[in-house]
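# Fold and contact review
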Amino acid sequence: MRVNVTVNGEPRQADDVWEGESLLFLLRERLGLPGSKNACEQGECGSCTVYLDNTPVCSCLVAAGQVQDREVRTVEGLADGDRLDPVQEAFVEAGAVQCGFCTPGLVVAAHDLLDRVPQPSDPEIREALAGNLCRCTGYEKILDAVRLAATRKAAPRGSGAQESGSR
Amino acid sequence: MIPFDYRLAPDVDGAVAAATGWGGVAFLAGGTNLVDHMKLGVAAPEVLVDISRLPLDAVEELPDGGLRIGATVRNSDLAAHPAVRRDYPVLARALLSGASGQVRNLATTGGNLLQRTRCAYFQDLSTPCNKREPGTGCSAIGGYTRQHAILGASAHCVATHPSDMAVAMAALDAQVTVLGTSGRRVIPLVELHRLPGDEPHRDTVLSPSDLITAVELPPLPEGTRSLYRKVRDRASYAFALVSVAAVLRVEDGVVRDVRIALGGVAHKPWRARRAEDVLRGSPVDGSPADEEVFRRAAEAELAGAAPLAGNGFKVPLARNTVVSALRGLSREER
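Since the structure is predicted, the reported quantities are computational estimates derived from the model, not experimental observations.

## Some words on the nonpolar core
All names here are of chain B. Judged by nonpolar contacts, the single largest core of 56 residues is most densely connected at Val49, Ile51, Leu78, Leu91, Leu113, Met169 and Leu217. When residues of this core are assigned to their parent elements, the largest contribution, 7 residues, is made by helix H9 (residues 165–171). Residues lining this core come from more than one domain, with at least three contributed by each of domain 1 (5–49) and domain 2 (225–333).

## A short note on the environment of Phe313(B)
All names here are of chain B. Residue position: Phe313 is located in the loop between helix H11 (290–302) and helix H12 (314–330). Separated by 163 residues in sequence, Phe313 and Ile150 have C-alpha atoms that sit 9.9 Å apart. Residues in contact with Phe313, not counting those within four places in the same chain, are Arg146 and Leu241.

## Digging into the domain arrangement of chain A
All names here are of chain A. Examined at the domain level, chain A breaks down into domain 1 (3–77) and domain 2 (86–154). Taking the mean C-alpha position of each, domain 1 and domain 2 sit 21 Å from one another. Contacts between the two partners involve 14 residues from domain 1 and, on the opposite side, 13 residues from domain 2. Surface buried jointly by domain 1 and domain 2 totals about 1,100 Å² across both partners, of which 60% is contributed by carbon and sulfur atoms. For the pair domain 1 and domain 2, the number of links is 0 salt bridges. Taken together, domain 1 and domain 2 are joined by 5 residue pairs in polar contact (both at pLDDT 80 or more). At 3 residues, the largest contribution of residues to the side of domain 1 that touches domain 2 is made by strand S3 (residues 49–52). For the side of domain 1 that touches domain 2, the class distribution of residues is 6 nonpolar, 5 polar and 3 charged.

Cut-offs and rules
- Counting starts from 1 at the beginning of each chain's written sequence and moves along it residue by residue.
- Labels are handed out in written order, letters beginning with A for the chains and numbers beginning with 1 for the ligands.
- The model is predicted, so local features are restricted to residues of pLDDT at least 70 and side-chain atom pairs to those at 80 or more, both for listing and for counting; the totals for chains, interfaces and linings are taken over all residues.
- Side-chain figures throughout are based on the complete set of non-hydrogen atoms in the structure, without hydrogens or water.
- Only buried Ala, Val, Leu, Ile, Met, Phe, Trp, Tyr and Cys residues count toward a nonpolar core, and they belong to the same one when joined by side-chain atoms within 4.5 Å.
- Only protein chains enter the area calculation, which uses a 1.4 Å probe; residues under 20% of their type maximum are buried, those over 50% are exposed, and those in between are partly exposed.
- Every helix listed is a DSSP run of H or I at least four residues long, and every strand listed is a run of E at least two residues long, numbered separately from the N terminus.
- An automatic or database domain assignment provides the domain bounds reported here.
- Contacts are assigned to residue pairs that have any heavy atoms within 4.5 Å of one another.
- The quantity reported as buried area is the accessible area (1.4 Å probe) lost by two parts once they are put together, taken as the sum for both.
- By definition here, a salt bridge exists when the distance from a side-chain nitrogen of Lys or Arg to a carboxyl oxygen of Asp or Glu is within 4 Å.
- Polar contact is defined as a pair of N or O atoms within 3.5 Å, subject to the rule that within protein one atom must be able to donate a hydrogen and the other to accept it, and that residues adjacent in sequence are counted only when both atoms are side-chain atoms.
- Residues are grouped as follows: nonpolar covers Ala, Val, Leu, Ile, Met, Phe, Trp, Tyr, Cys and Pro; charged covers Asp, Glu, Lys and Arg; every other residue, Gly included, is treated as polar.

Here you go:
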């Protein structure tokens with residue numbers, strides 16, 4: 001089938017798509033967006049998390065045929081040109097990235113959390129990231145990154161406010 | 001994954017028509033269990049009928065105070081619905097204790113009811129399983145049984161139903177509306193799922209072309225409280241070892257209405273009628289003396305438990321979880 005889907009704000013089209021392939025495969029192999037990672041392929045690890053109609057989902061569990069005429073936003077669509085999103089910046093600064101495989105999914109999940117809950121408590125952060133597995137960091141640096149991003153978003157750099165969340 | 005035919009259902013009747021007459025057919029909604037099983041080779045439908053765009057995604061408050069939940073309402077939307085949070089906290093809590101945010105954002109009401117067991121042997125094509133391949137035997141019996149059933153199992157299957165949502169709905173006396181080739185019918189949720197018996201490959205009483213269109217919750221009388229308590233091996237994103245959905249109404253120090261369902265212990269959400277019988281009419285005043293009644297009720301239900309080699313702990317765990325759930329409800333501020 002031919003799939004028409006808006007990806008990161010741009011209308012995209014892919015031909016000869018098999019309905020049974022995943023949205024993840026469509027993004028990575030047909031549309032050239034390898035940011036979303038293919039790990040468990042079972043919805044267990046969250047590495048493939050993308051926004052589908054503004055809601056984070058595991059793209060490995062969405063059949064490509066189901067995204068016709070819908071909107072997808074991937075980790076590639078979070079930055080504003082060369083300017084990283086505050087969540088991405090915080091992941092870099094807090095040392096929340098080691099091998100990096102889980103990072104795109106965690107960045108999207110954390111981005112969504114801070115959209116919904118700008119100042120999350122630690123239990124809220126833990127629960128929101130429960131569907132994203134990381135085998136390197138032990139999660140502590142990831143929690144640091146989310147706290148830092150929350151602080152940055154509340155008081156953007158250059159606003160003159162104190163950056164209490166940076167270490 | 002083997003090739004299959006994909007059809008987008010044009011409307012609700014058309015979905016049933018498109019699914020009729022095929023040997024291997026499945027409705028596709030959120031896909032969180034089906035797409036996964038197709039990749040593993042556990043499911044291999046010839047035809048997928050995509051129902052995710054049908055207008056079955058509304059939650060309606062009914063004139064009698066009940067709630068009608070469309071089959072394709074997402075788990076996260078249902079958990080966040082104001083009427084669910086206000087009137088059926090047991091359901092909101094059960095939904096939020098299941099899976100992860102990403103999965104709840106895709107998973108639907110109908111699909112949650114029809115999800116299949118997470119028995120590791122069922123998902124592993126290299127091991128015999130009567131549910132996956134009838135007549136091949138059960139690898140769990142004599143195998144690793146920490147997650148398996150203690151109630152209502154058979155010599156052919158000891159799998160558990162994995163849903164949290166369905167356990168809450170069982171305690172709420174939910175009714176499931178089904179559209180099939182011979183029309184519409186309503187099935188009490190507690191009769192939707194089967195015990196394994198000698199046909200463990202049949203999870204429910206539905207036929208493959210039966211489409212769940214809605215779940216209705218009857219209203220709860222004023223003064224009714226409810227909660228969901230789930231015990232699992234880690235704090236989040238794990239299936240229940242034991243869970244308890246409890247609905248309680250105490251008036252003038254006497255239990256007037258009580259409904260309890262257990263998860264993680266059987267092939268279906270387990271309605272604990274024996275425990276309810278013990279509790280109904282019993283005096284309950286929020287004092288430590290209540291504990292004895294709660295314990296007797298739980299023990300009455302669990303008298304028929306038949307634990308396996310690896311899950312004997314579930315019997316006292318289920319008892320204690322029932323007691324603590326009832327304690328929590330009976331001591332809430334009035």
